[in-house]
Amino acid sequence: MTPQAWTLARALRLAILSVGALVFLAPYVWMLSTAMKPREEIFSSSLTLIPERLAVVENFSKAFTRVPMLQLLMNGVIVCTIILVVQVLVALPCAYALAKLRFPGARTLIAAIMLGLLVPIHATALPIYVALSGAGVLNTYFALAAPFMISVFAIFLFLQFFRAMPDDLINAARLDGMSELGIVLRVIVPNAWPAITAFSIFSVVAHWNDLFWPQIVVTETAMAPPPLGLIFFRAAEAGDDYGALMAATVVVTVPLLAAFLLAQRRFIEGITLTGLKG
Amino acid sequence: MDSIALPAGGRAGTSNPAAAARRSEAFAGWRLAGPAVALLALLILLPTIAVVALSLTDFELGYDEIRFVGLDNYLELLDDRTFLISLGNTLTYTLIVTPLSVALGLGAALLIEADVRGRALFRTVYFLPVVSLLVAMATVWQYLLHPTIGPVNALLRLVGIAGPNWLGGSDTVLLSLAFIGVWQAVGFNMVLFLAGLTAIPRELYAAAEVDRAATAWDRFWLVTWPMLGPTTLFVVTISVINAVKVFETVSTITQGGPNRASEVLLWTIYQEGFVYLRVGYASAMTVVFLGILMVLMVLQYRALDQRVHYT
Amino acid sequence: MSGLALRGISKAYGDNHILRDVTIEAQPGEFVALVGPSGCGKTTLLRIAAGLDHADRGSVWLGERDMTAMRPSERDIAMVFQSYALYPHLTAGQNIAVPLAMRDLTIWQRLPGIGNLMPSQRGIRADIQRRVLETARSLRIDHLLDRKPGQMSGGQRQRVALGRALVRSPAAFLMDEPLSNLDANLRVHTRAEIVELHRRAGVTTLYVTHDQAEALSMADRVAVMIGGRLLQFDTPEGIYSNPAHIEVARFIGSPQINLLNGEVDAAHGVRIGGRLLAEGVNARPGTSVTVGFRPEAIKLGAPEQAGLIASLRRIEFLGSETLVFIDLAGGGDTLVAKLAPSDATAFALGQAVTIMAASRDVLVFGGDGARLSVSPPMRMVANG
C-alpha cells in the first residue's frame, strides 16, 4: 500500500464521516439558530444561520412563561429519580438472591423475569391505567412512576453481573459475620458500580425521554415531565411561533445532552452494555 | 471459654444442621427477592393477564357495564380499516428503518474504527440523537421539513427543486418519519457495532493478511462480517422492535395524519384506549402487538441457535 | 528454496526502542529460533518479517526478492500465531483452505453464495479440497476437518493452524510461540513433530520462543535477543558453551550460570578469594570483570584440596541429577553445582568443600558484558 493510497483512503473516510456528521448536527445547529431568531426572520425562510437581530430574550422568556418550564424540568428530575431509586433498590437484592442463594422457586422466578423482558409498557398500559384511574391518582408523580417501579431488565442485568462475581467473596463475608442484607450493601453494591452506573444511564435516558406513559396519565401541565410539557407548549402556542418553540426544545434537551457531553465515555459504555445485554 | 461446638437443640427441628442452613438460606432468598416478586406480579404479570382478559370484553372506561364478548373484538379488528392501515404503515416504517439504520450504523462503525483521526468526535456526534429528547428533536425536524419556511426546502429551492410538503403529504409523511427514525437509531446501532468490532481479536486480521486476504473487502468478508454475526442479529432484532414501537414522532408531529397516512400501531392503540377509552377493543389490539413482539423474539432465538453460535 | 534475511532492522515507538539494528540471515531451509525474554522485540521482528509491522530502518529479503515494501499477502510467507488465530466460524477444513481460496479463486468466485454459481470454480475448488485433505492427513487431523475451532482441543487447534500454514507450500514459515498454549507433555511431543515437519518440507523457518529449551532443541541456529539487540547468532552448542555476552550466558542454561565479580591483576589473571580463577585475560590490569562457569563445570573436592573454599548450604535431589548450593567463604556469593546423584552422596549439609573448574569452562566477561578472550586454555584453575 503506497503512502498516496493511504492518504486517499483516509481523506475519503473523513469526507464520508463529515458529511454524515453534518446531517446529524444540522437539527442541533438549526435549533440553536432558530431559538435566537425573531419571528419575521424565521418566516423569511432564508438559509442564514446567524440572526440579524437577536431574539434570545424574547424567545426564551416565552419558553419559560407560556408553560411552567422550571416546573416541567423539576417534574422530570423527580420522576426519573423516584423510578431509578426504586428500580435499583428492588432489583439489587433480588438479583443477588437469584445469583448466589438457593431457594425454592428461584428457577421459576428467573423464567418469569425472562418472560417479563418481552413485555413492554405499551402492553400493560391499559390495565394499569384503568387501575390508577379507578384509584383516582391520575396526574400524580405516583402515577407517572408506578409502572416502572419494577425493572425486570435491571434484575436481569445485575443477575448476569453478580453471577460473574466469585462465590468465595460472599463466603468470606459470611465468615466475617455479615447478614445477607449486609452482604448486599457492603460487598455486592460497591463491586457492582459499573453495572449500576450503566443501568442508571439507561434508565434515566429512557424515562426522561418517554412520552407514551406521561401522555396517558397526565393531563395537567403542572404535572407534566419535559416531553409532555413540550407537547402542551405546542398546543398552547397555536400558531407557528417556531422561535419560542425552538427555545423550549433547547431548554428540555440541554440537561441530558450536557450530562452526556460531560461523561461521554460512561454514557456510551452504559448504553452499549445495557444495549447488548437487553 | 467459648466452645467451637454449636449448642445442640434449642429449637425443635434444628437437629439437622444442613437442613437448618438450607431453610435459613431459602428464607433469606425469599426475603431479598420478595419486593421484586410482588411488584413483578402486580405490574407485569397481572396486567398482562388482564389485557388478554379485557380483550375478550366490551369494557369501556366510564361505563360500568362489562360484558364477555369472546373473540368479537378480534373479528372486528379484521374489518377495521384504520387498524389494518395502521398495521400496514407500521410494517412499511419498520421495513425502511431497520435495514437503513442497521446498514448505516455498521457503516459508521466501520469507518470510525478504520482510523484514529476524529474517532471520538464522530462517535459523539452520531450518538447525540440517542440521548436527545426525541419529542424535542421531532419538533426540530418538523421545522426543518416545513414546506415553506423549512431550511430543507429552502435548500432545495436553491438548486431549483420545489420540495414537497414532507410531513404534510400522505405520500411522503411515512418516508419522512422513517428518515427521522433512522437518524435517531443509527447512533445506537453504531455503538453496538463498535463494541462488536473491538471484540474481534486483532490476530485474526493479521492471519487474514498472511493468508493472502489482500484487500479490505476480502478481510471484511473473511473476518469482520462473520465475527459480527451475533452482534448483527442482535442489532437487527432490537431495531425491528424499536421500529414497531414507533410512537413519539407520530404523536408529536403528525398524530396519525394526514388522512391516516402515518397511523401506526401504538398510536392507534393509544387513540382507542386512552382517548376514546374503548379499553376492551384497544386490549385486543395490544394483544396483537404483544404477539408481534413475541414472534420477533422467537425468530431471534431460532436464528441465534442455528447460525451464529461458534462455540 | 530461498533464505530469509532481515537486515539492519530498527524500530522505535517514540523513545521506546523495540529493535536496534538487528540483522539475521537464515540460510535456505534453515530452522532459526529467535529466543529472548518477553519484551525483547522478538515478536515485533517476526511481525516485520511477515509484513504485519513495518521497520523504521532496514530491509526484509526472501532470497533475492526485497520484500520490505510488500504487503503480507504478496510475500509468500506463512505464519502460525500464538493464539492460532483460527477463524471461529469456519470448520478446520475451511480454515486450512482459506489461503488457497484467496490465491486461486477470483474475487467473484469467493463471494458468499453467488461464488458457487461462477463458472470454472468447481475444478479449482475440488483441487483445493484435495490439497486440504493431503495436508490434514500429513498432520493426522483428517478426521477433524468438519469441526469448528470451538469444538477442538488446544493441541488439535494448533495442528489446524499448522495445516493452514503448510497447505500452500510457502517460501518461508514464521512461528510465533506456537507451543506456548499447550500443556507441558504435549509441548515436548509437538516440538519433535514440528522439527520432523520442517525436515520433510525443508522450508526456511523463523521460530519465536521465550523457552530456551525449545530454541536449543529445535533450531539449526539460535538468535538470542535481549533489550532489542541481537546479542548472538550461533548454533545451539555455540550459544550454550561459548556465549558472546554475559546476558546470553545468563539467559541460556538452567540452572543459571554461576557469576563472580573480580578484577584483572597485574599478571592478567583474575583472583577471587585469593585463588586464581583465570589467567591470560585479554584486558588491562585493574579492569572489573565477571567470571562465569556453568553449574555442571563445577567439581567439588575435599577441603584439603586446592580450590575455592566453600560450605554446602542446600542439596536438591532431582532424580537424574543433584543440585548443590554452596556458600563461598568470606563473601555472600552462592554458587550452584550440578552433580551426578552418585557423586553427590559424598557430601553433607554444612560441610566445607573446595570448588574446582577446568579452565576451558571458565568464561570471562568485561564490564560492558562482552566476552574476553583467555589464554592459554586447558588448565585446571583455582588451584594456585
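Residues numbered from 1 in each chain as written. Chains lettered and ligands numbered in written order. Predicted model: local features only at pLDDT ≥ 70, side-chain atom pairs only at ≥ 80, totals over all residues. Heavy atoms only, no water.

## What about the overall build of chain B?
Thought 1: Along chain B, the regular secondary structure elements total 13 helices and zero strands.
Thought 2: The N-to-C order of helical and strand elements in chain B reads α-α-α-α-α-α-α-α-α-α-α-α-α.
Thought 3: The 311 residues of chain B split such that 53% are buried.
Thought 4: Positive and negative charge centroids in chain B, built from 18 and 21 side chains respectively, lie 9 Å apart. (Helix = DSSP H or I, 4+ residues; strand = E, 2+ residues; numbered from the N terminus. Buried < 20%, exposed > 50% of the residue type's maximum accessible area, 1.4 Å probe, protein only. Lys, Arg positive; Asp, Glu negative; His and termini not counted. Charge placed at Lys NZ, Arg CZ, Asp CG, Glu CD.)

## Points about the interface of chain B and chain A
Thought 1: Listed by partner, the interface residues are 87 residues for chain B and 89 residues for chain A.
Thought 2: Contact with chain A buries area across many residues of chain B, yet Leu 32, Leu 133 and Phe 274 of chain B alone supply 9% of it, more than any other trio.
Thought 3: Across the contact surface, chain B and chain A share one salt bridge.
Thought 4: When the shortest N-O distance is used, the salt bridge between Asp 115 of chain B and Arg 10 of chain A registers 3.2 Å.
Thought 5: With 19 residues, helix H1 (residues 17–54) of chain B is the largest single contributor of residues to the side of chain B that touches chain A.
Thought 6: Looking at the side of chain B that touches chain A residue by residue, the class counts come to 66 nonpolar, 13 polar and eight charged. (Contact = heavy atoms within 4.5 Å. Buried area = accessible area lost by both parts, 1.4 Å probe. Salt bridge = Lys/Arg side-chain N within 4 Å of Asp/Glu carboxyl O. Nonpolar A, V, L, I, M, F, W, Y, C, P; charged D, E, K, R; others polar.)

## Some details on the pattern of salt bridges
Thought 1: Taken as a whole and assessed by the stated rule, the structure comprises 24 salt bridges over all chains.
Thought 2: Among the ionic pairs, Glu 134 of chain C bridges to Arg 130 of chain C, the shortest N-O distance being 3.2 Å. Within this pair, Glu 134 of chain C and its partner Arg 130 of chain C are both found in helix H4 (residues 121–138), separated by four residues, close to a single helical turn.
Thought 3: Exposure remark for Glu 134 of chain C: the relative accessible area of 47% places this residue in the partly exposed category.
Thought 4: Residues participating in the shared-partner salt-bridge network are Glu 76, Glu 272 and Arg 278 of chain B.

## Details of the sheet that holds strand S14 (residues 288–293) of chain C
All names here are of chain C.
Thought 1: Spatial ordering of the open sheet is given by S11-S14-S20-S21, a layout of four strands whose pairing is antiparallel. Across the chains shown, the open sheet's two edge strands, defined by having one partner strand only, are strand S11 (258–263) and strand S21 (371–372).
Thought 2: By the bridge criterion, three bridges tie S14 to strand S20 (residues 363–365) in an arrangement that is antiparallel. Along S20, the bridge assignment pairs Thr 290 with Phe 365. (Pairing = 2+ DSSP bridges.)

## Focus: the domain arrangement of chain A
Many structure descriptions define interface size as the accessible area lost when the parts assemble.
All names here are of chain A.
Thought 1: What the domain assignment lists for chain A is domain 1 (3–62) and domain 2 (67–277).
Thought 2: Taken over C-alpha atoms, the centre of domain 1 sits 33 Å from the centre of domain 2.
Thought 3: Listed as interface residues are twelve residues of domain 1 and, on the opposing side, 13 residues of domain 2.
Thought 4: In total, about 1000 Å² of surface goes out of reach between domain 1 and domain 2, with carbon and sulfur atoms giving 75% of it. (Domains from an automatic or database assignment.)

## Section: empty space enclosed by the protein
Thought 1: Applying the stated criterion across every chain, the model contains four cavities of 30 Å³ or more.
Thought 2: Considering only enclosed or pocket space, the largest cavity measures out at about 80 Å³ in volume.
Thought 3: Contributing to the lining of the largest cavity are 13 residues, with Val 79, Ile 83, His 207, Asp 210 and Pro 214 of chain A lying nearest its centre.
Thought 4: Listed by contribution, the elements that provide at least two residues to the lining of the largest cavity are helix H4 (69–100), helix H11 (193–209) and helix H12 (212–217) of chain A.
Thought 5: Phe 31, Leu 162, Leu 166, Phe 173, Met 175, Ile 194, Leu 197, His 198, Ala 201 and Thr 205 of chain C together form the lining of the second largest cavity.
Thought 6: Among the elements of the structure, helix H5 (154–166), strand S7 (172–176) and helix H6 (184–201) of chain C are those that each provide at least two residues to the lining of the second largest cavity. (1 Å grid on protein atoms, 1.4 Å probe; cavity = no way out; pocket = protein on both sides within 12 Å on 5 of 7 lines; lining within 4 Å. Points joined across faces, edges and corners; volume = space filled by probe spheres on them.)

## Quick word on the packing of H4 of chain A against H1 of chain B
Thought 1: The contact between H4 of chain A and H1 of chain B brings their axes to 8 Å, and the two run at 140°. Between H4 of chain A and H1 of chain B, the crossing angle belongs to the class labelled oblique. As for how H4 of chain A packs across H1 of chain B, the hand of that crossing is left-handed. Residues Val 90, Pro 93, Cys 94, Tyr 96, Ala 97 and Lys 100 of chain A of H4 of chain A form the contact with H1 of chain B, whose participating residues are Glu 25, Gly 29, Leu 32, Ala 33, Pro 35, Ala 36 and Leu 39 of chain B. (Axes fitted to C-alpha atoms, helices over the stretch in contact; angles between N-to-C directions. Parallel < 35°, antiparallel > 145°, perpendicular 65-115°, else oblique. Left-handed = near helix turned anticlockwise from the far one by under 90°.)

## So, the packing of aromatic side chains
Thought 1: Going through the model one piece at a time under the given rule, you end up with 28 aromatic pairs over all chains.
Thought 2: Taken together, a centroid distance of 6.3 Å and an interplanar angle of 45° make the contact between Phe 153 of chain A and Phe 199 of chain A tilted. Residue Phe 153 of chain A is found in helix H8 (residues 152–163), and its partner Phe 199 of chain A is found in helix H11; the two are separated by 46 residues along the sequence.
Thought 3: Note on Phe 199 of chain A: relative accessible area 0%, which makes it buried.
Thought 4: Plain terms: the ring middles of Phe 260 of chain A and Phe 267 of chain A are 5.6 Å apart, the flat faces sit at 70° to each other, and that makes the pair edge-to-face.
Thought 5: With a relative accessible area of 0%, Phe 260 of chain A lands in the buried category.
Thought 6: Taking the relative accessible area as the measure of exposure, Phe 267 of chain A reaches 8% and is therefore buried.
Thought 7: What links up through ring pairs into an aromatic cluster is the set Phe 24 and Tyr 28 of chain A together with Phe 122, Tyr 126, Trp 141, Phe 179 and Trp 183 of chain B.
Thought 8: Between the NZ or CZ atom of Arg 294 of chain C and the centre of the ring of Tyr 240 of chain C, over which it lies, the distance is 4.2 Å. (Phe/Tyr/Trp six-rings, centres within 6.5 Å; stacked < 30°, edge-to-face > 60°. Lys NZ or Arg CZ within 6 Å of the ring centre and 35° of its normal.)

## Some details on unusual backbone geometry
Thought 1: Of the consecutive residues Ser 254 of chain C and Pro 255 of chain C, the connecting peptide bond is found in the cis state with omega at -5°.
Thought 2: In this model, Leu 277 of chain B sits at a positive phi of 60°, which is unusual for a non-glycine residue.
Thought 3: Tracing the backbone shows Leu 277 of chain B in the loop between helix H12 (265–275) and helix H13 (279–306).
Thought 4: Using a relative accessible area of 23% as the deciding quantity, one classes Leu 277 of chain B as partly exposed.
Thought 5: Here the phi dihedral of His 268 of chain C falls at roughly 60°; this positive angle occurs in a residue that is not glycine.
Thought 6: Assignment of secondary structure puts His 268 of chain C in the loop between S11 and strand S12 (270–272).

## Topic: the side chain of Ser 33 of chain A
Thought 1: Turning to its location among the elements, Ser 33 of chain A is positioned in helix H1 (residues 3–35).
Thought 2: Discounting chain neighbours no more than four positions away, the residues touching Ser 33 of chain A are Thr 48 and Leu 49 of chain A.

## Some remarks on the pairing of S11 of chain C
As a general feature of sheets, a regular strand has side chains that alternate between the two faces.
All names here are of chain C.
Thought 1: Residues of S11 alternate between two faces, with Asn 258, Leu 260 and Gly 262 buried on one and Leu 259, Asn 261 and Glu 263 left unburied on the opposite face.
Thought 2: Bridging between S11 and S14 involves six bridges; their strand directions are antiparallel. Residue pairing in the sheet places Gly 262 in a bridge with Val 289 of S14.

## Structural notes on the confidence of the model for chain B
Residues and elements named next belong to chain B.
Thought 1: Per-residue confidence for chain B gives a mean pLDDT of 85, with 93% of residues at or over 70.
Thought 2: Of all helices and strands in chain B, the one with the weakest mean pLDDT is helix H6 (residues 151–158) (83), whereas helix H3 (residues 81–113) scores best (93).
Thought 3: A low-confidence stretch, residues 1–14 (pLDDT under 50), is modelled with two contacts involving residues beyond four sequence positions or located in other chains. (pLDDT = per-residue confidence, 0-100.)

## Some details on helix H4 (residues 119–131) of chain B
Side chains three or four residues apart in an α-helix point the same way, a direct result of the helix having 3.6 residues per turn.
Residues and elements named next belong to chain B.
Thought 1: Taking 1.5 Å of rise per residue, 13 residues should cover 18 Å, and H4 covers 19 Å from first to last C-alpha, within 8% of that figure.
Thought 2: Considering bend angle alone, the principal kink of H4 is centred on Val 125 and spans about 30°; proline Pro 129 follows within four residues of it.
Thought 3: By the burial criterion, the buried members of H4 are Phe 122, Thr 124, Val 125, Tyr 126, Phe 127, Leu 128, Pro 129, Val 130 and Val 131. (Expected span 1.5 Å × (residues − 1). Bend = angle between axes of the 7 residues up to and from the residue.)

## Some details on a nonpolar patch on the surface
All names here are of chain B.
Thought 1: On the surface, Leu 155, Leu 158, Val 159 and Ile 161 cluster together to form a nonpolar patch covering roughly 420 Å² of accessible area.
Thought 2: Within the secondary structure, Ile 161 is located in the loop between H6 and helix H7 (173–198).
Thought 3: With relative accessibility at 44%, the residue Ile 161 sits in the partly exposed group. (Patch = residues over 30% accessible without salt bridge, like charges linked within 9 Å, V, L, I, M, F, W, Y side chains within 5 Å. Areas by Shrake-Rupley, 256 points an atom, 1.4 Å probe, with all protein chains shown as cover.)

## Side note on the nonpolar core
Thought 1: Counting residues in hydrophobic clusters, the biggest one holds 232 residues, and the most contacted among them are Phe 158, Phe 162 and Trp 213 of chain A.
Thought 2: Sequence-distant contacts of Phe 158 of chain A, defined by excluding residues within four places in its chain, comprise Ala 91, Leu 92, Ala 95, Ala 195, Ile 196 and Phe 199 of chain A.
Thought 3: Counting 46 residues, the second-largest nonpolar core is a separate cluster that includes Phe 31, Val 167, Val 203 and Ile 226 of chain C. (Core = buried A, V, L, I, M, F, W, Y, C linked by side-chain atoms within 4.5 Å.)

## Notes on the sheet that holds strand S6 (residues 77–80) of chain C
Within a sheet, each strand pairs with its neighbour through backbone hydrogen bonds, oriented either parallel or antiparallel.
Residue and element names in this part refer to chain C.
Thought 1: Overall, mixed pairing links the six strands, which are arranged S6-S7-S8-S3-S9-S10 in an open sheet. At either end of the open sheet lies a strand with only one pairing partner, and these are S6 and strand S10 (229–234). Pairs of neighbouring strands in the sheet enclose a mean axial angle of 15°, with direction left out of account.
Thought 2: Here four bridges tie S6 to S7, and the two strands are oriented parallel to one another. Each bridged residue has a counterpart across the sheet, and for Met 79 the counterpart in S7 is Leu 174.

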